[in-house]
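Architecture at a glance
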Amino acid sequence: MKITGITKQGFHYSVDDAVGDDWELIEILSEMNNDEYLSVVPFAKKLLGNAQYVRLKKFCRDKKTGRVLTSKMQENIMDIFNSNNTVKN
């Protein structure tokens with residue numbers, strides 16, 4: 001089954017509801033909680049899957065600069081994570 005939604009910024013997503021039962025995702029989350037900031041990248045890839053991760057990057061790309069905005073990526077990832085308690089127990 002899939003958990004679907006739209007972030008506050010307008011990104012449409014679909015996450016496998018079984019992702020909360022993925023130990024490796026929890027390991028990455030643990031690293032993030034220990035201030036290992038860069039762990040957010042493998043976390044997002046694991047949470048969304050590669051294809052959807054690429055779509056999110058495209059969604060967060062600034063049209064003027066061509067850069068994928070970190071702030072926009074973080075906002076969307078946190079919205080997805082918090083919206084349905086996807087990983088939280």
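Residues numbered from 1 in each chain as written. Predicted model: local features only at pLDDT ≥ 70, side-chain atom pairs only at ≥ 80, totals over all residues. Heavy atoms only, no water.

**Let's talk about helix H2 (residues 40–48)**
For H2, every residue scored as buried is listed here: Val40, Phe43, Ala44, Leu47 and Leu48. The buried residues of H2 occupy an angular sector of 110° when projected down its axis, which confines them to one face. Residues of H2 that are buried sit in contact with strand S2 (12–16), helix H1 (23–33), helix H3 (50–59) and helix H4 (70–83). Within two residues after H2, Gly49 carries a phi angle of roughly 85°, on the positive side. (Buried < 20%, exposed > 50% of the residue type's maximum accessible area, 1.4 Å probe, protein only. Helix = DSSP H or I, 4+ residues; strand = E, 2+ residues; numbered from the N terminus. Arc of directions from axis to C-beta. Contact = heavy atoms within 4.5 Å.)

**Observations concerning the environment of Asp62**
Within the element layout of this structure, Asp62 appears in the loop between H3 and H4. When the C-alpha atoms of Asp62 and Glu75 are compared, they prove to be 15 Å apart, with 13 residues separating the residues in sequence. In contact with Asp62, other than residues within four places in its own chain, are Arg67 and Leu69. A distance of 2.7 Å separates a polar atom in the side chain of Asp62 from the backbone nitrogen of Thr65. (Polar contact = N/O pair within 3.5 Å; in protein donor to acceptor, adjacent residues only side chain to side chain.)

**Quick word on the nonpolar core**
Ranked by size, the top nonpolar core spans 19 residues in total, and within it Val15, Phe43, Leu47, Leu56, Met73, Ile77 and Ile80 carry the most contacts. Only S2, H1, H2, H3 and H4 provide two or more residues apiece to this core. In this structure, Met73 is in contact with Tyr53, Leu56, Lys57, Cys60 and Val68, ignoring residues within four places of it in sequence. (Core = buried A, V, L, I, M, F, W, Y, C linked by side-chain atoms within 4.5 Å.)

**Quick notes on the pairing of strand S1 (residues 2–6)**
Residues in a regular strand point their side chains to alternate faces of the sheet. Across 5 bridges, the pairing between S1 and S2 is antiparallel. Residue pairing across strands places Lys2 opposite Asp16, the latter belonging to S2. Between S1 and the antiparallel strand that follows it, S2, lie 5 residues; Gly10 among them carries a positive phi value of about 105°. (Pairing = 2+ DSSP bridges.)

**Thoughts on H3**
Owing to its 3.6 residues per turn, the α-helix aligns residues three or four sequence positions apart on the same side. Listed as buried for H3 are Gln52, Tyr53 and Leu56. End-on, the buried residues of H3 take up no more than an arc of 105°, which puts them together on one face. Along H3, the residues that are exposed and aim more than 90 degrees away from the buried face are Asn50, Ala51, Val54 and Lys58. Buried-residue contacts for H3 involve S2, H2 and H4.

Spatial relationships are all this shows, so hold off on functional conclusions.
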